[in-house]
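Okay, here's what each chain looks like letter by letter:
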Amino acid sequence: MDSDPSPPSSPSRETRLAQSWRSHPNFIVLTVAIGQFSDFFLFGMRVPLLPYLIRAHLPSVPESAVQSRVATLLASFSVALLVVAVPAGWVADFRAWRGRLYLVGLGALFWATVTFYTSRSFGMMVGSRVLNGGSAAVLYAAGWSMVADAVRGEDLGKAFGVIRSIVAVGDLVGPPLGGIIFARWGFDGILNVSLMVLAVDLVLRCLMVERPRDVKGKLNDRDGFVDYGTMESPHSSPALSKPPRFRNPLPILSCLSDTQLVVALFLGFIQYVILGSYDSTLSMEASSQFGLSPDAVGAIFLGLAIPVLVFAPIAGWAVDRYGPRRIATIGYGCFVPALAGMVVPALLSAGRSSSRLPVFFGFLVLQGVCVALVSTPGVVKAKQAVERAVQANPARFGPRGAMGQMFGLNTLVSSSGLLIGNYWSATLRAAYGYWFLSLSLAALCVVGAVMAWTFFSDPEDKKTACPSSVV
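Basis of the calculations
Residues numbered from 1 in each chain as written. Predicted model: local features only at pLDDT ≥ 70, side-chain atom pairs only at ≥ 80, totals over all residues. Heavy atoms only, no water. Patch = residues over 30% accessible without salt bridge, like charges linked within 9 Å, V, L, I, M, F, W, Y side chains within 5 Å. Areas by Shrake-Rupley, 256 points an atom, 1.4 Å probe, with all protein chains shown as cover. Salt bridge = Lys/Arg side-chain N within 4 Å of Asp/Glu carboxyl O. Helix = DSSP H or I, 4+ residues; strand = E, 2+ residues; numbered from the N terminus. Contact = heavy atoms within 4.5 Å. Core = buried A, V, L, I, M, F, W, Y, C linked by side-chain atoms within 4.5 Å. Buried < 20%, exposed > 50% of the residue type's maximum accessible area, 1.4 Å probe, protein only. Axes fitted to C-alpha atoms, helices over the stretch in contact; angles between N-to-C directions. Parallel < 35°, antiparallel > 145°, perpendicular 65-115°, else oblique. Left-handed = near helix turned anticlockwise from the far one by under 90°. Nonpolar A, V, L, I, M, F, W, Y, C, P; charged D, E, K, R; others polar. Phe/Tyr/Trp six-rings, centres within 6.5 Å; stacked < 30°, edge-to-face > 60°.

> Can you lay out a nonpolar patch on the surface for me, pointing to particular residues and giving the numbers?
Taken together, the side chains of Leu302, Ile306, Leu309, Val310, Phe311 and Ile314 present a nonpolar region at the surface, about 510 Å² in accessible area. Looking at the secondary structure, you find Phe311 in helix 10 (residues 294–322).

Written out as structure tokens, the structure reads:
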């Protein structure tokens, strides 16, 4: 009689560890959130210091040319981000490369940070900003894709909300904290703080074990979640399951015929136009209208950051529970009075600044709540649309799907909004005043609320996003 087969060997301690907290979805979300916080925080810290850095490290540059040098440094980051975003998303769809891609982006961010603060050549500064923009695009595409694979569809909005809240805090508090650190410890202090933040990011990334997709993933009736690597269309045939002779290298472009995806991207554009306006005008408006010190200006930014930190995860949960359509409509609808209310401090200009400051700050806090509400619905709806498209036609997208491409495209649109928001808001404020800028942003939010309610479907609507013909 044959002996019983030997029992399988128990997994090693390292394997058990990798299967527990290191690959847990919550730890992956935390790691990606800290990584994106680092990038936004470091970017925000250096923006107010660009003129001082140019004067200190490039003394031969005349004062009249400092502003143009600052504009060039800002533009070089944005252009690199725009150029690299979609290719980085395409590479992120190769799951075997994704972890290495993230480490490459983090290493490039380390190098860009060091060279930016130590270079004595304007060309080197520009090169470091280009490298910084490219690394940011890589980190966004790889990080968001990791989260999309690790988190269940019914929890995706909450996960995105947590990441958005932490990222928004880094973006909003970076400028005032950078000013405070620079005033006390100079550029050496800024560099040391930057390296410490990046070191934490690196440790977390080395600890994280990327979670493989659940091979039992299936379409969820409520939110359209699908594991696009293992599912076939209900209507697919053996012919469609075979790879075609020619496949579009960027199949995400075929999904731009879907109105819901286009509207989701447009809502992200509006959101970052508004965030760009805060970066370029809020500090100047607070200091010129109320005569605030740098520390007090930092408190003004906290009026935006704290509501985002508190309410973004709640808004993400609401997106999971009630769907992106309702939350996006409510968020952009509430943005309208919150932004239009900035007219009130201007009407009270005859009074003392101390009496107008609480009104200004109160409307700013309301805007922070609105930022939290609109931070998640668009990206969740975009992900749902692409997943349904991949399910409908797996042969077109192949085993890799198109999630990285979607996040790359979203990064491209969002960074365009940030760039346009910076220049547009500064121009309107200089020409017509801050109240006029706020009214124009309110009008843009009216468009966003109407488009979200009109074109987004409810969660139970499982309409296929893209045509099912093979390209």
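> Could you give an account of the environment of Phe37, naming the residues involved and the relevant values?
Looking at the element boundaries, Phe37 is found in helix 2 (residues 25–46). Along the sequence, Phe37 and Asp201 sit 164 residues apart, while their C-alpha atoms lie 9.2 Å from each other. Beyond its immediate chain neighbours, meaning those up to four positions away, Phe37 contacts Ile166, Val167, Val169 and Gly170.

> An account of the nonpolar core is requested, with residue identities and associated values reported.
Counting residues in hydrophobic clusters, the biggest one holds 129 residues, and the most contacted among them are Val147 and Phe335. Sequence-distant contacts of Phe335, defined by excluding residues within four places in its chain, comprise Ile274, Tyr278, Gln367, Cys370, Val371, Val374 and Cys445.

> Please give an account of the pattern of salt bridges that cites residues and values.
Scanning the model with the defined rule gives 4 salt bridges in all. A salt bridge links Arg429 to Glu285; the nearest nitrogen and oxygen atoms lie 2.8 Å apart. One end of the pair, Arg429, is in helix 16 (residues 403–432); the other, Glu285, is in helix 9 (residues 259–290), with 144 residues separating them in the sequence. For the residue pair Arg429 and Glu285, the accessibility class agrees, reading buried in each case.

> Please give an account of the packing of helix 2 against helix 6 (residues 122–150) that cites residues and values.
Where helix 2 contacts helix 6, the axes come no closer than 10 Å and their chain directions differ by 160°. For the element pair helix 2 / helix 6, the angle class is roughly antiparallel. Both helix 2 and helix 6 take part in a crossing whose hand is left-handed. In this structure, helix 2 uses Pro25, Ile28, Val29, Val32, Gln36, Asp39, Phe40, Phe43 and Arg46 to contact helix 6, whose residues at the interface are Arg129, Asn132, Ala136, Tyr140, Gly143, Trp144, Met146, Val147 and Ala150. Of the residues that constitute the contact of helix 2 with helix 6, the class distribution is 12 nonpolar, 3 polar and 3 charged.

> Explain the packing of aromatic side chains to me, using residue names and the numbers behind them.
Scanning the model with the defined rule gives 18 aromatic pairs in all. With 5.6 Å between their ring centres and 40° between their planes, Tyr52 and Phe182 make a pair best called tilted. In this pair, Tyr52 is assigned in helix 3 (residues 50–57) and Phe182 in helix 7 (residues 156–207), connecting sequence segments 130 residues apart. Judged by its relative accessible area of 23%, Phe182 is partly exposed. One aromatic cluster is present, built from ring pairs that chain together Tyr52, Phe182 and Phe187.

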